[in-house]
Amino acid sequence: MYRILEKEVLAPKIKLIKVDAPEICAGARPGQFVVFRIHEKGERIPLTIADSDPKSGLLTLVFQEVGKSTTELGMLNKGDTIQDMVGPLGTPRDIEKLDYVICVGGGVGVAPIYPEAKAYYRLGTRVVSLIGAQTKEMLIFKNRMEQVSDEIYFSTDDGSFGHKGFITEVLDDLLEKGPHPDEVIAIGPLLMMREASKVTAKYGVKTVVSLNTIMVDGTGMCGSCRVTVDSEVKFSCVEGPAFDGHKVDFDELIARQNRFLAEERLAMDRYLAGAGGCKCQ
Amino acid sequence: MSVKISKEKHEMPKQPADTRIKNFEEVALGYTPELAMAEAARCIQCPKKPCVAGCPVGIDIPEFIKLVAKGDFLGAAKKIKEKNSLPAMCGRVCPQESQCEAVCTLGKRGEPVAIGALERFCADYERIHGEPLAEMKTSDSSSGMVAVVGSGPAGLSCASELAKLGYRVVLFESLHATGGVLRYGIPEFRLPKSIVDKEVEYIKSQGVEIRLNVLVGTTVTVDELFEQGFDAVFLGTGAGLPYFLGIPGENLNGVYSANEFLTRANLMKAYLFPEYDTPIWVGKRVAVIGGGNVAMDSARTALRLGADEVTVVYRRSRTEMPARLEEIENAEEEGIKLMLLRNPVRILEDGEGWVKGMECIKMELGKPDDSGRRRPIPIPDSEFILDVDTVISAVGTNPNPLLIRTISGLALGRRGNVIADEQTGKTNIPGIFAGGDIVTGSATVIAAMGAGKLAAHGIDEYIRRKNGRGM
Ligand SMILES: Cc1cc2nc3c(=O)[nH]c(=O)nc-3n(C[C@H](O)[C@H](O)[C@H](O)COP(=O)(O)OP(=O)(O)OC[C@H]3O[C@@H](n4cnc5c(N)ncnc54)[C@H](O)[C@@H]3O)c2cc1C
Ligand SMILES: Cc1cc2nc3c(=O)[nH]c(=O)nc-3n(C[C@H](O)[C@H](O)[C@H](O)COP(=O)(O)OP(=O)(O)OC[C@H]3O[C@@H](n4cnc5c(N)ncnc54)[C@H](O)[C@@H]3O)c2cc1C
Ligand code: SF4
Ligand code: SF4
Ligand code: FES
């Protein structure tokens, strides 16, 4: 059992929890994730480790409620427990000092980019962060990102904060002006990562993306998470989730994300209709 | 004695095919006491006991059968347990036709004694009528501490044996449940999970501590385990990494590896979706690629999940199929079609990312290859299209590299398997032992169990020497 010791609502439908998981914290490095199962009947869900503190043993997870499992997780409060959690999973990112990196975070993807930005910043790398959200209200981790960035830009789809439009447009402008960074790291919705990779390809700038494929075990046993990278099939839970954005077959991946769309809708509707068990009483 | 022995064995009662394809309950119902005694009476108690040599763990088969014939079922169960701590499972999933029953004397003139069915009966009888599990003493750590990695049959039997030898044992499992393939691979209708639970309870009652959700290699490394005071580590991590054929279209929606399909269905209980949260999707017409137990299990699971038509596509002929005979027969009874001497060449897309068919080619058998089986050769220009919307690939697995690549200097074979001594489980690194599928590649439950047990004795000897206590 893994107990939730802190909980914060960051934006509508975006929540942060800190979970007591000292064993996982001890070895966690940027780019890694956990897989958890809320209860006996739950599915196994991956979430990136947004922060980990080996001293307190607290693991920070930030998630957006997009379907049944994340909504159910969002219902849990301080003191509640999660039945199973395994990690750290995935290949950690090899972070060494570079001269200059750009971190592009979209939506809830800002949370997983934070540990990487932090690691670069601490090594003395110049970090420029580009943060995009649908609206000002949906913008998360603003203060945290400011603390680990030399420069920071924002965008919202509706123009309520920062640039009006997509964050990849800001990226394009920056690269156009130059100088070019050693690396761009883009984490967010698949469409955003695909677009960011297209933009950087124009300028020949190395780009790392973190893929949120559908997973089951998260340990290389099932192949549910497979993606095509540079014409080769990779299991993203083991060899990823970070890959070279210019080599990922995004179109295939986007199609694969819809594998269980009908079932996911059914599960969500059933949950909202109360069959999942109301926790109000 | 001049009692005439029937040439045929007593069949185990089964659920009728048209009923069982609508449920996930066990297909074979097991002998009644009367049937078991009648079947046991067929054994002629050969003085040379050829059957015993056919059993990888050397169960005293005639002896336990004699007890069954007398109606002493608990005594028979005890006899079996002297050699095999997981009889309820082996009786169900052992490929008996190529092991103990293959060498039974009666097999020369008729059907062999149904040894597996009798073993299963005894284990089930004991589970229901035997003494409840007594909590055994928790082993103290004075003789030593051993970490067992992986809770499949290799890990379970190694842990159990070490506990009997007086060691403190911690069993680490990366999934949220124990059992390995017994839990996530082999379906409920062939091996009810309550039986796996029972065996695990037994092992816990011996004082073995089980830690789930620990991926050794990342959550904790083998070096850290030694630092924590473990004297030895047993690697029983299995061969869980599925491979694919590498044909076009394998990443389309509607294509599963058998591991994904079976894990969703078994471990995650997706057949109870939406009561359980994990989804599974199966179309109307399913092709399963492969000819082993994994292919049969996938095909039969697909049928139970509502597919109208399931076809197993296998590149050799029926005699080369590695699946257990009983399971091939069960599958055919249930209406699964075998399409032999056919091999897929690509999977076709419907234009929206989903499977719309599978192109196959006809094969013929040539000269034997290094596996001793005749090599399948494609017949030119014999391609045809199979009309399917779901494809399940059951063409084999490799050892999972996650843990073993974190152990520097560990000697590995060509296919990434761990090299370990067959008799002791010793690897090239002192204190690290291994057994089961991680060493042999995909094999059998009983072979993995046997390896786990031998390794336990290898570990015992190692720790005694290390502590200067001799043998
Ligand atoms: C390595 C990795 C790290 C991730 N990190 C985060 C994170 O830090 N914060 C966060 O909010 N989300 C993260 N995700 C995505 C998160 O796992 C999914 O949003 C979640 O599984 C959705 O479950 P659901 O039942 O709520 O929604 P569902 O109704 O199941 O699905 C809603 C959408 O989520 C996608 N999805 C469904 N199941 C999975 C799955 N098992 N894995 C990935 N995507 C799935 C589907 O494509 C679907 O479009 C990560 C995914 C991966 C693979
Ligand atoms: C679908 C299917 C049907 C089969 N049918 C039969 C049959 O009818 N008869 C038969 O005899 N054999 C059958 N087999 C083969 C048999 O199940 C295997 O040979 C046997 O289970 C191997 O046992 P094992 O203990 O070596 O490994 P596994 O059973 O694979 O167990 C390994 C365990 O280790 C865990 N693990 C892996 N890495 C780590 C790590 N780093 N840290 C912690 N834990 C880890 C895994 O999660 C798993 O639980 C079948 C196999 C499959 C897949
Ligand atoms: S364990 Fe397997 S091989 Fe041995 S007697 Fe039982 S069924 Fe036969
Ligand atoms: S070989 Fe067959 S008949 Fe002979 S003792 Fe063994 S089981 Fe009985
Ligand atoms: S999630 Fe199963 S192999 Fe990656």
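Residues numbered from 1 in each chain as written. Chains lettered and ligands numbered in written order. Predicted model: local features only at pLDDT ≥ 70, side-chain atom pairs only at ≥ 80, totals over all residues. Heavy atoms only, no water.

**Q** Hey, could you run me through the overall build of chain A in this one?
**A** When you go through chain A residue by residue, the secondary structure sums to 9 helices and 17 strands. For 281 residues, the compact-globule estimate of 2.2 N^0.38 gives 19 Å, and the C-alpha radius of gyration of chain A, at 18 Å, lies within 12% of that figure. For chain A, the spread of C-alpha atoms along the principal axes amounts to about 55 × 40 × 40 Å. For chain A, the residues scored as buried account for 55% of the 281 residues in total. Expressed as a percentage of contacts within chain A between residues at least 6 apart in sequence, the contacts between residues at least 24 apart total 66%. Carbon and sulfur atoms form 50% of the exposed surface of chain A, whose accessible area is close to 11800 Å². (Helix = DSSP H or I, 4+ residues; strand = E, 2+ residues; numbered from the N terminus. Rg over C-alpha atoms; globule rule 2.2 N^0.38 Å. Buried < 20%, exposed > 50% of the residue type's maximum accessible area, 1.4 Å probe, protein only. Contact = heavy atoms within 4.5 Å. Areas by Shrake-Rupley, 256 points an atom, 1.4 Å probe, with all protein chains shown as cover.)

**Q** How should the overall build of chain B be read in this particular structure?
**A** Secondary structure summary: chain B contains 17 helices and 16 strands in total. Relative to the compact-globule value of 23 Å for 471 residues, chain B shows a C-alpha radius of gyration of 23 Å, a close match. With the principal axes as the frame, chain B shows a C-alpha extent of 70 × 65 × 50 Å. Out of the 471 residues in chain B, the part that is buried amounts to 57%.

**Q** How should I be thinking about the packing of aromatic side chains in this particular structure?
**A** Given two aromatic rings, their pairing is described by the distance between the two centres and the angle made by the two planes. Residues and elements named next belong to chain B. All told, the structure shown has 12 aromatic pairs over all chains when counted by the stated rule. With 4.9 Å between their ring centres and 90° between their planes, Phe 73 and Phe 121 make a pair best called edge-to-face. Of the two residues, Phe 73 sits in helix α5 (residues 73–81) while Phe 121 sits in helix α7 (residues 115–129), which places them 48 residues apart along the sequence. Assessed through its relative accessible area of 6%, Phe 73 is described here as buried. Measuring from centroid to centroid gives 4.9 Å for Phe 73 and Tyr 125, while their planes differ by 70°, and the two rings are edge-to-face. Highlighted residues: Phe 73 in helix α5 and Tyr 125 in helix α7, separated in sequence by 52 residues. (Phe/Tyr/Trp six-rings, centres within 6.5 Å; stacked < 30°, edge-to-face > 60°.)

**Q** Mind showing me how you'd approach helix α10 (residues 193–205) of chain B here?
**A** Residue pairs spaced three or four apart in an α-helix point in one direction, given the helix's 3.6 residues per turn. Residues and elements named next belong to chain B. With 13 residues, α10 should cover 18 Å at 1.5 Å per step; its first-to-last C-alpha distance of 18 Å lies within 8% of that length. Taken as a whole, α10 has its buried residues at Lys 193, Ile 195, Val 196, Glu 199, Val 200, Tyr 202, Ile 203 and Ser 205. Looking at the packing, one finds that the buried side of α10 touches α6 (87–93), α7, α8 (153–164), α9 (181–184) and β3 (209–211). Of the residues one or two after α10, Gly 207 is the one with positive phi, at around 100°. (Expected span 1.5 Å × (residues − 1).)

**Q** Just checking my understanding: could you explain the site of ligand 2 for this structure?
**A** Residues and elements named next belong to chain B. The environment of ligand 2 is formed by 35 residues, the closest being Val 93, Ala 154, Glu 173, Arg 190 and Asp 437. In the environment of ligand 2, an oxygen atom lies 2.6 Å from a nitrogen or oxygen atom belonging to the side chain of Glu 173. Arg 190 places a polar side-chain atom, nitrogen or oxygen, 2.8 Å from an oxygen atom of ligand 2. Sorting the residues of the shell around ligand 2 by element identifies α8, α13 (293–304) and α17 (445–466) as the ones contributing at least two each. Here the shell around ligand 2 is built from residues that sort into 18 nonpolar, 12 polar and 5 charged. Per-domain counts for the shell around ligand 2 show at least three residues from each of domain 2 (145–240 + 398–466) and domain 3 (244–395). (Near = heavy atom within 4 Å. Polar contact = N/O pair within 3.5 Å; in protein donor to acceptor, adjacent residues only side chain to side chain. Nonpolar A, V, L, I, M, F, W, Y, C, P; charged D, E, K, R; others polar. Domains from an automatic or database assignment.)

**Q** Please explain the pattern of salt bridges as it appears in this structure.
**A** Side-chain pairs of opposite charge can arise where the charged atoms are in close proximity. All names here are of chain A. Counted by the stated rule, this structure contains 53 salt bridges over all chains. One salt bridge connects Asp 172 with Lys 202, and the closest N-O pair in it is separated by 2.8 Å. Taken together, the positions of Asp 172 in helix α5 (residues 167–177) and Lys 202 in helix α6 (residues 190–203) put the pair 30 residues apart, joining distant regions of the chain. The buried category is assigned to Asp 172, whose relative accessible area is 18%. Residue Lys 202 is classed as exposed on the basis of its relative accessible area, which comes to 56%. A salt bridge links Asp 244 to Lys 247; the shortest N-O distance between them is 3.9 Å. Looking at Lys 247, the relative accessible area reads 40%, which means it is partly exposed. (Salt bridge = Lys/Arg side-chain N within 4 Å of Asp/Glu carboxyl O.)

**Q** Hey, could you run me through the interface of chain B and chain A in this one?
**A** Reports often express the size of an interface as the amount of accessible area lost when the parts come together. Contacts between the two partners involve 38 residues from chain B and, on the opposite side, 45 residues from chain A. When chain B packs against chain A, the two sides together hide about 3500 Å² of surface, and 54% of this comes from carbon and sulfur. Three residues, Asn213(B), Asn251(B) and Asp277(B), lead the burial of chain B against chain A; their summed loss comes to 19% of the area buried on that side. Scanning the region where chain B abuts chain A turns up 3 salt bridges. With a closest N to O distance of 2.7 Å, Asp277(B) and Lys68(A) form a salt bridge. When residues of the side of chain B that touches chain A are traced back to their parent elements, those giving at least two are β5 (241–242), β6 (255–257) and α12 (258–267) of chain B. Split into classes, the residues belonging to the side of chain B that touches chain A amount to 19 nonpolar, 13 polar and 6 charged. (Buried area = accessible area lost by both parts, 1.4 Å probe.)

**Q** Hey, could you run me through the domain arrangement of chain B in this one?
**A** All names here are of chain B. According to the domain assignment, chain B contains domain 1 (17–129), domain 2 (145–240 + 398–466) and domain 3 (244–395). When each unit is reduced to the centre of its C-alpha atoms, the spacing between domain 2 and domain 3 is 30 Å. At the interface, 12 residues of domain 2 touch 14 residues of domain 3. Contact between domain 2 and domain 3 buries roughly 1100 Å² in total, counting both sides, with carbon and sulfur atoms accounting for 57%. Looking only at domain 2, the three residues that lose the most surface to domain 3 are Tyr 184, Phe 189 and Arg 190, adding up to 53% of its buried area. In this structure, the connection of domain 2 to domain 3 is made through 2 salt bridges. A salt bridge links Glu 327 to Arg 190, with the nearest nitrogen and oxygen atoms 3.8 Å apart. Between the two partners, domain 2 and domain 3, sit 4 residue pairs in polar contact (both at pLDDT 80 or more). Its residues placed into classes, the side of domain 2 that touches domain 3 shows 6 nonpolar, 3 polar and 3 charged.

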